[in-house]
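Tertiary structure, described
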Amino acid sequence: MFPPKPRLFKRHSSLYFLSAFYHTQTSDLPPPLPPIRPPKPPPHLSFLADKCSSMNQLKQIHAQMIVSARIHDNYAASRIISFCALSDSGDLNYALKLFNNTHDPNSFMWNTLIRAQAISSNPSEAILLYMKMRKLGVIPGKHTFPFVLKSCTNCYSLTSGKQIHTHVVQFGLDLDLYVVNGLIRCYGVCGNLNDARRLFEEVPERNLIIWTTIVSGYAQNFCSNEALKLFYQMLAEGIEPNGATLSSVLSACARSGSLELGEQIHLYIEEKGIEVGLILGTALVDMYAKNGAISVARRLFDEMPERNTASWNAMIGGLAVHGYAVEALELFQEMEKEKVKPNDVTYVGVLSACCHAGLLEVGRDIFLSMKRVYGIEPKIEHYGCMVDLLGRGGRLLEAEELINGMVWKADIVVLGALLGACKNHGNIEIAERVVKKMLHLEPHNHGVYVVLSNMYAEAGRWEDVLRLRNMMKDGGLKKIPGWSLVDGDS
């Protein structure tokens, strides 16, 4: 016999009635809540790092990455380091701390920090970082060498540039356009035009960037005729310059005193109808101002629809160096009224104007306002201007105290300015102390002995004159070329 069939229907019926009973008892209750779904995952933290606008935001994301253990993901960590190292609101020291605590950093991190160090106030750190990279066996690539070479350029280190050049050849990147451009720029800025031109001629396909670099290299080294030839050769080969090319050439003309070349470039800009924007306009003003064509520079400056700090600096500096002191100071006041923040270059021009005009009190107030108003720490160039200004005003002891209180080590230029003031005012006592410091820097400097000897002669101290001449004869001193003393009232 078969066993009895299970009573499925009855069991289901019981469940049905139980369900119906429960429904009748709960019909007055609110409907049940929707099922709970897990929250959507937050956006990728590394992408959030790219959208940061401040270090405070970045630190919050960094904290989340630590809590979620995402900081061990090199890609995510690299985005944090990139923001800290390269953004305007970043913090390079913070980036370095993160990098030093990263296990096995990738090449992107190395390149990012080398790039940041190369454009920092201490570009030699980029070279040291590259050396550390090589010591650890990390292989550099085509994105590494342009940044390392930029640091060599900014350090004016030709020796380092040549060493990096051997590495470029070793890793087979001697035909990469961006790497070769970095080499040409390094050799050109450091004055080694022969190697820059060997490299340039060997490039199979020269682009606009490389042409700009070689032209600028020659112009910066006072080879204006050769720079012009290369510029026209570039045009003959069908390479059209852009604003950056022409700005670079004009800046080089300003540094080398090549007004004629600059005027030809300006004529080319007008003939081609090239738009003169902020960068190109500033380059034109700077070129004309440095070359003494003040009226042209001022006209172009006034016509600029937009001006930045560099634009104001170019005009103020040009006015100051060519003796238009009052106009330079008036322009500085106008700059402040327009809420354009000055920088250290601005103050060199303004203080120079005060020196030319003999405005001691005005210059002192401006010097003190650098740090108090704008937070700009005076550099040795600013101290040099103040020493010159105080010296012209006969405040020799105050000028000497200013030098002694500098955080910078006084160089031969600053000390020479004070010695010149001592000569003009006949202050032998301070002059003797200054000469002692100058000889400590340049023990075989003939010029300082001559100045002091002449001061002794003017004061009728012939025994001291004879003593100095014997010292010069016994020491076999020779005049050092390139150093001279200019009277403060000349």
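Residues numbered from 1 in each chain as written. Predicted model: local features only at pLDDT ≥ 70, side-chain atom pairs only at ≥ 80, totals over all residues. Heavy atoms only, no water.

Taking an unreviewed UniProt entry as the reference, the chain is identified by name as Pentatricopeptide repeat belonging to Macleaya cordata.

Quick look at the overall build of the chain now. Broken down by element type, the chain carries 27 helices and zero strands. Taking all contacts inside the chain whose residues are at least 6 apart in sequence as the whole, residues at least 24 apart take part in 59%. As displayed, the chain offers around 27,600 Å² of accessible surface, 56% of which is attributable to carbon and sulfur atoms. (Helix = DSSP H or I, 4+ residues; strand = E, 2+ residues; numbered from the N terminus. Contact = heavy atoms within 4.5 Å. Areas by Shrake-Rupley, 256 points an atom, 1.4 Å probe, with all protein chains shown as cover.)

What follows is about helix 7 (residues 124–135). Given 3.6 residues per turn, any residue in an α-helix points the same way as the ones three and four places further on. Across its twelve residues, helix 7 extends 17 Å between first and last C-alpha, which sits within 8% of the 16 Å expected from 1.5 Å per residue. Within the sequence span of helix 7, burial applies to A126, I127, L129, Y130 and M133. Viewed along the axis of helix 7, the buried residues span an arc of 160 degrees, placing them on a single side of the element. Among the structural elements, helix 5 (92–100), helix 6 (107–118), helix 8 (145–154) and helix 9 (158–170) are those in contact with the buried residues of helix 7. Following helix 7 by one or two positions, G137 has its phi on the positive side, about 85 degrees. (Expected span 1.5 Å × (residues − 1). Buried < 20%, exposed > 50% of the residue type's maximum accessible area, 1.4 Å probe, protein only. Arc of directions from axis to C-beta.)

A few words on the nonpolar core. In this structure, I214 and L418 are the most contacted members of the largest nonpolar core, which totals 139 residues. No fewer than three residues from each of domain 1 (307–377) and domain 2 (402–476) sit in this core. (Core = buried A, V, L, I, M, F, W, Y, C linked by side-chain atoms within 4.5 Å. Domains from an automatic or database assignment.)

The next subject is the UniProt feature "repeat: PPR" (unreviewed entry) in the chain. Under the UniProt annotation, "repeat: PPR" (unreviewed entry) lies at residues 106–140, 176–206, 207–241, 242–276, 308–342 and 445–479. Between the C-alpha atoms that bound residues 176–206 there is a distance of 11 Å. The span itself is 74% helix and 0% strand. Secondary structure content for residues 308–342 is 74% helix and 0% strand, and the end C-alpha separation is 10 Å. (UniProt positions renumbered as here; feature names shortened; annotations may be inferred.)

This part is about the state of the cysteines. Across all of its chains, the model carries zero disulfides by this definition. Looking at C155, it has no disulfide partner, and the nearest cysteine sulfur is the one in C152, 6.9 Å off. C385 takes part in no disulfide bond, and the closest cysteine sulfur to it belongs to C355, at a distance of 5.1 Å. (Disulfide = S-S within 2.5 Å.)

A few words now on the packing of helix 20 (residues 344–357) against helix 21 (residues 360–374). Packing of helix 20 against helix 21 brings their axes to within 9 Å, and their N-to-C directions diverge by 160 degrees. Comparing their axes, helix 21 and helix 20 come out roughly antiparallel. As for how helix 20 packs across helix 21, the hand of that crossing is right-handed. In this structure, helix 20 uses Y347, V350, L351 and C354 to contact helix 21, whose residues at the interface are V362, G363, I366, F367, S369, M370 and Y374. Of the residues assigned to the contact of helix 20 with helix 21, the class counts are nine nonpolar, two polar and no charged. (Axes fitted to C-alpha atoms, helices over the stretch in contact; angles between N-to-C directions. Parallel < 35°, antiparallel > 145°, perpendicular 65-115°, else oblique. Left-handed = near helix turned anticlockwise from the far one by under 90°. Nonpolar A, V, L, I, M, F, W, Y, C, P; charged D, E, K, R; others polar.)

The topology assignment puts N291 in the loop between helix 16 (278–290) and helix 17 (294–303). Here M287 takes part through its backbone oxygen, which lies 2.7 Å from a polar atom of the side chain of N291. With sequence-adjacent residues up to four places away left out, N291 is seen in contact with C253, A254, G257, S258, L259 and H322. (Polar contact = N/O pair within 3.5 Å; in protein donor to acceptor, adjacent residues only side chain to side chain.)

This part covers the environment of N445. Inspection of the secondary structure assignment puts N445 in the loop between helix 25 (428–441) and helix 26 (446–458). Sequence-wise, N445 and M472 are 27 residues apart; in three dimensions their C-alpha atoms are separated by 9.8 Å. Of note is the side chain of N445, whose polar atom sits 2.6 Å from the side chain of E442. Among the polar contacts listed, one links the side chain of N445 to the backbone nitrogen of G447, at a separation of 2.9 Å.

Turning next to helix 26. For helix 26, with 13 residues, the first-to-last C-alpha span of 19 Å sits near the 18 Å given by 1.5 Å per residue. All buried positions along helix 26 are accounted for by H446, G447, V448, Y449, V451, L452, S453, M455 and Y456. Measuring from the side-chain oxygen of the N-cap residue of helix 26 to the backbone nitrogen of G447 gives 2.9 Å; that N-cap residue is N445. Of the residues trailing helix 26, G460 is marked for its positive phi of about 75 degrees.

Here we come to the packing of aromatic side chains. Two descriptors summarise a pair of aromatic rings, namely the distance from one centre to the other and the angle between the planes of the rings. Scanning the entire structure with this criterion turns up ten aromatic pairs. Ring centres 5.4 Å apart and planes at 70 degrees place the aromatic pair F367 and Y383 in the edge-to-face group. Separated by 16 residues along the polypeptide, F367 in helix 21 and Y383 in helix 22 (residues 380–392) bring together distant segments of the chain. The exposure class of F367 is buried, given its relative accessible area of 10%. One aromatic cluster in this structure is built from Y130, F145 and F171. A cation sits over an aromatic face here: R206 above F200, 4.5 Å from the ring centre. (Phe/Tyr/Trp six-rings, centres within 6.5 Å; stacked < 30°, edge-to-face > 60°. Lys NZ or Arg CZ within 6 Å of the ring centre and 35° of its normal.)

On to the environment of L193, then. The residue L193 is located in helix 11 (residues 193–202) in this model. Placed 21 residues apart in sequence, L193 and I214 show a C-alpha to C-alpha distance of 8.7 Å. Non-local contacts of L193, meaning those with residues more than four positions away in its chain, are made with Y187, G188, G217, Y218, N221 and C223.

Scanning all chains against the criterion turns up 22 salt bridges. R299 is the salt-bridge partner of E303, the closest N and O atoms lying 3.6 Å from each other. Of the two residues, E303 and R299 both sit in helix 17, four residues apart, roughly one turn of that helix. Note that E377 is salt-bridged to K371, the shortest N-O span being 3.1 Å. (Salt bridge = Lys/Arg side-chain N within 4 Å of Asp/Glu carboxyl O.)

Moving on, we come to empty space enclosed by the protein. With the rule as written, the count across this model stands at one cavity of 30 Å³ or more. Volume-wise, the largest cavity comes out at about 40 Å³. If you go around the largest cavity, the residues you meet are E400, I403, N404, L415, L418, R433, V434 and K437. For the lining of the largest cavity, the elements supplying multiple residues, two or more each, are helix 23 (396–404), helix 24 (412–425) and helix 25. In the lining of the largest cavity, the residues fall into four nonpolar, one polar and three charged. (1 Å grid on protein atoms, 1.4 Å probe; cavity = no way out; pocket = protein on both sides within 12 Å on 5 of 7 lines; lining within 4 Å. Points joined across faces, edges and corners; volume = space filled by probe spheres on them.)

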